[in-house]
Amino acid sequence: METIQVSVVTPDGLVYSGDAELVVVKTTEGELGIKAKHIPLVSPLAAGPARFIRDGQEDQVAVSGGFIEVRPDQVSILAEAAERPEQINVDRAEKAKDRAETRLNDAAGHIDKKRAEAALYRAVTRLDVAKKK
Ligand code: ATP
């Protein structure tokens with residue numbers, strides 16, 4: 001099957017590159033699946049796993065928001081933060097998840113709900129992707 005070139009870049013550098021038959025990302029509007037010859041587009045990303053599928057094999061990268069740029073032969077993910085499974089510190093992500101849940105459950109506190117939710121989604125994404133190690 002035809003493949004598309006993919007790269008995931010953060011402010012710290014290149015996290016992932018390869019060729020995929022199918023790319024699946026989580027945009028702010030929902031899941032987006034991309035194959036070769038997709039129409040060009042730019043979209044903001046939500047926190048979620050980016051999935052790269054080829055020959056029945058799947059690589060995943062935990063993406064914490066940013067943008068995706070799709071061109072017919074190339075997909076570029078510009079992420080605020082992104083980690084491959086082996087880069088993820090599970091203990092740190094579990095603690096971040098607990099902190100976010102505590103904030104969200106704190107009925108009396110004047111918390112920034114959106115911020116706590118975003119932290120929770122980042123942590124859950126990392127824990128999901130870490131399982132692909
Ligand atoms: P924490 O509360 O643990 O800092 P966070 O979601 O606020 O988590 P981010 O602001 O998304 O963290 O990321 C800051 C930097 O730390 C990024 O470079 C990101 O790749 C890295 N990072 C965050 N959490 C983890 C983790 N569990 N394992 C490895 N790297 C992580």
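Here the structure is a predicted model, which is why all the values come from computation and not from measurement. (Residues numbered from 1 in each chain as written. Predicted model: local features only at pLDDT ≥ 70, side-chain atom pairs only at ≥ 80, totals over all residues. Heavy atoms only, no water.)

A. A nonpolar patch on the surface, seen in detail. A grouping of V42, F67 and L78 is seen on the molecular surface, where their side chains present a nonpolar patch of about 310 Å² in accessible area. Here F67 lies in strand 6 (residues 57-71). (Patch = residues over 30% accessible without salt bridge, like charges linked within 9 Å, V, L, I, M, F, W, Y side chains within 5 Å. Areas by Shrake-Rupley, 256 points an atom, 1.4 Å probe, with all protein chains shown as cover. Salt bridge = Lys/Arg side-chain N within 4 Å of Asp/Glu carboxyl O. Helix = DSSP H or I, 4+ residues; strand = E, 2+ residues; numbered from the N terminus.)

B. Representation of the UniProt feature "domain: ATP synthase F1 complex delta/epsilon subunit N-terminal" (unreviewed entry) in the chain in the model. Under the feature "domain: ATP synthase F1 complex delta/epsilon subunit N-terminal" (unreviewed entry), the UniProt entry names residues 4-82. Secondary structure within residues 4-82 divides into 0% helix and 78% strand; the distance between the first and last C-alpha atoms comes to 20 Å. (UniProt positions renumbered as here; feature names shortened; annotations may be inferred.)

C. Examining unusual backbone geometry more closely. Of note, the phi angle at K37 is positive, near 70°, even though the residue is not glycine. Along the chain, the position of K37 falls in the loop between strand 4 (30-34) and strand 5 (41-54).

D. Inspection of the layout of surface pockets at higher detail. One number sums up the size of the largest pocket: a volume of about 320 Å³. What lines the largest pocket is a set of 14 residues, among which R92, A93, A96, R122 and R126 lie closest to the centre. Contributions of two or more residues to the lining of the largest pocket are made by helix 1 (90-105) and helix 2 (113-130). Element by element, the count of residues in the lining of the largest pocket is highest for helix 1, at six residues. Split by residue class, the lining of the largest pocket holds six nonpolar, two polar and six charged. (1 Å grid on protein atoms, 1.4 Å probe; cavity = no way out; pocket = protein on both sides within 12 Å on 5 of 7 lines; lining within 4 Å. Points joined across faces, edges and corners; volume = space filled by probe spheres on them. Nonpolar A, V, L, I, M, F, W, Y, C, P; charged D, E, K, R; others polar.)

E. Seen up close, the pattern of salt bridges. Scanning the model with the defined rule gives ten salt bridges in all. A salt bridge links R51 to E58; the shortest N-O distance between them is 2.8 Å. With a relative accessible area of 27%, E58 lands in the partly exposed category. The salt bridge involving K95 is made with D91; its shortest N-O contact spans 2.9 Å. Placement of the pair is K95 and D91 together in helix 1, with a separation of four residues, close to one helical turn. Note on K95: relative accessible area 46%, which makes it partly exposed. For D91, a relative accessible area of 43% translates into the label partly exposed. (Buried < 20%, exposed > 50% of the residue type's maximum accessible area, 1.4 Å probe, protein only.)

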